[in-house]
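# Observations on chain architecture
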Amino acid sequence: MRVAILTGGGDCPGLNAVIRAVVRKGERHYGDELVGFVDGWKGVIDGRSVPLDVAAMRGTLPKGGTVLGTSRTNPFKVEGAVERVLASLADGGIDALVAVGGEDTLGVAHRLHAEHGVALVGVPKTIDNDLSATEVTFGFNTAVQIATDAIDRLHTTAESHDRVMVVEVMGRHAGHIATYAGIAGGAAAILVPEEEFDIDEVCAALTRRHEKGRYASIVVVAEGAQPKEGSLALKDAEVDQFGHVKLGGIANVLAEEIEARTGFETRVTILGHVQRGGTPTAFDRVLSTRFGIAAIDAVHDGAFGQMVAVRADRIVRVPLADAVGELKLVDPELYHGVAEVFFG
Ligand code: F6P
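Report follows, based on the coordinates. (Residues numbered from 1 in each chain as written. Predicted model: local features only at pLDDT ≥ 70, side-chain atom pairs only at ≥ 80, totals over all residues. Heavy atoms only, no water.)

## Side note on the site of the ligand
The local shell around the ligand consists of Arg72, Ile127, Asp128, Met170, Gly171, Arg172, Glu223, His273 and Arg276. Residue arginine 172 places a side-chain N or O atom 3.2 Å away from an oxygen atom belonging to the ligand. Within the side chain of histidine 273, one N or O atom sits 2.9 Å away from an oxygen atom of the ligand. The fraction of the free accessible surface of the ligand (400 Å²) that becomes covered by protein chains is 79%. Its residues assigned to classes, the shell around the ligand comprises two nonpolar, two polar and five charged. (Near = heavy atom within 4 Å. Polar contact = N/O pair within 3.5 Å; in protein donor to acceptor, adjacent residues only side chain to side chain. Areas by Shrake-Rupley, 256 points an atom, 1.4 Å probe, with all protein chains shown as cover. Nonpolar A, V, L, I, M, F, W, Y, C, P; charged D, E, K, R; others polar.)

## Examining unusual backbone geometry
Phi at aspartate 39 takes a positive value of approximately 60°, unusual for a residue other than glycine. The residue aspartate 39 is located in the loop between β2 (33-37) and α2 (41-46) in this model. Given a relative accessible area of 23%, aspartate 39 falls into the partly exposed group. (Helix = DSSP H or I, 4+ residues; strand = E, 2+ residues; numbered from the N terminus. Buried < 20%, exposed > 50% of the residue type's maximum accessible area, 1.4 Å probe, protein only.)

## Overview of the sheet that holds strand β9 (residues 266-270)
Taken together, four strands build an open sheet; the order of strands is β7-β8-β6-β9 and the sheet is parallel. Of all the strands in the sheet, just β7 (189-191) and β9 have a single pairing partner and so form its edges. Strand-to-strand twist in this sheet, taken as the mean axis angle between neighbours without regard to direction, amounts to 15°. The sheet contact formed by strand β6 (residues 164-169) and β9 spans five bridges and is parallel. When the bridges of β9 are listed, glutamate 168 appears paired with isoleucine 270. Across the face of the sheet, helix α5 (residues 140-161) comes into contact with β6, β8 (217-222) and β9 while running at roughly 165° to β6. In the packing of helix α7 (residues 199-211) onto the sheet, the strands contacted are β6, β7 and β8, and the crossing angle to β8 comes to about 160°. (Pairing = 2+ DSSP bridges. Axes fitted to C-alpha atoms, helices over the stretch in contact; angles between N-to-C directions. Contact = heavy atoms within 4.5 Å.)

Quick look at the structure:
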């Protein structure tokens with residue numbers, strides 16, 4: 001078969017490991033010819049692809065990012081682009097496509113399969129870990145480790161100066177990174193999109209904590225955390241082709257408010273894209289490799305319109321429609337039953 005692969009949406013550690021596994025099993029086991037579309041759906045629209053083989057993927061396992069490039073292009077939002085996608089697949093003689101991405105990329109994949117009969121298989125990717133159809137996505141473990149390492153470093157400087165450190169991590173709709181890194185890093189408060197926060201309560205908890213002694217505090221905030229209505233003014237931000245607001249910067253507003261209300265010196269660290277860069281952890285390399293193998297197997301089983309996923313540590317196939325249906329939010333039991341025990 002002639003099998004194509006693309007990576008779409010925000011990049012994520014582990015993408016190269018997926019591509020490498022698809023190529024390895026495709027070429028060596030199935031005798032496939034592999035090609036990679038560059039820059040996500042944009043490359044399919046423009047008919048830009050590169051040949052892929054085992055030799056080309058050598059040395060890429062520990063590399064962050066994606067050797068194919070990526071974009072947040074949505075063919076359903078660009079005039080005539082869906083027709084160009086179909087033409088490009090036909091012209092390239094592509095028998096099947098493996099689409100690696102998050103809810104946006106997989107949403108496009110789902111529509112191309114359901115509405116236009118494109119033979120494709122999805123692989124879930126997002127450091128945010130918010131896809132409901134899979135228990136875990138690769139990149140999440142790496143992002144949590146990077147955020148935890150950063151928090152560990154912030155502790156020592158916070159303690160030396162008796163300061164509050166507000167650490168902003170990624171997570172637009174769900175606070176998985178914030179919750180995990182916050183628990184692992186011993187945060188005094190964790191603010192997530194799932195639970196509107198009350199700035200009065202945050203400040204009262206920090207004050208109680210500091211009154212007990214000379215304690216520095218770490219506040220972890222997910223970029224998509226929302227204050228209770230009317231309690232803090234956040235500025236409007238730009239919107240992309242998938243309708244997502246460009247986030248980032250809530251920590252600045254929060255820190256100013258904490259300092260003004262409590263009188264504690266407060267500093268801000270916005271981790272931003274550091275969380276998405278660099279080498280994947282061993283866990284993510286293994287998960288990505290398992291996903292890549294499962295994806296090429298699904299192609300050869302004709303399991304189109306499906307996505308590979310993890311359920312009870314087994315790789316399973318689920319309909320792409322399920323992948324893009326519902327968001328997976330932070331388990332309230334983890335947030336309230338575990339993280340919250342250490343607040344204040
Ligand atoms: O969806 C993954 C993600 O890393 C989000 O956590 C974040 O809000 C967004 O991508 C950032 O996107 P960009 O790289 O386009 O700034």
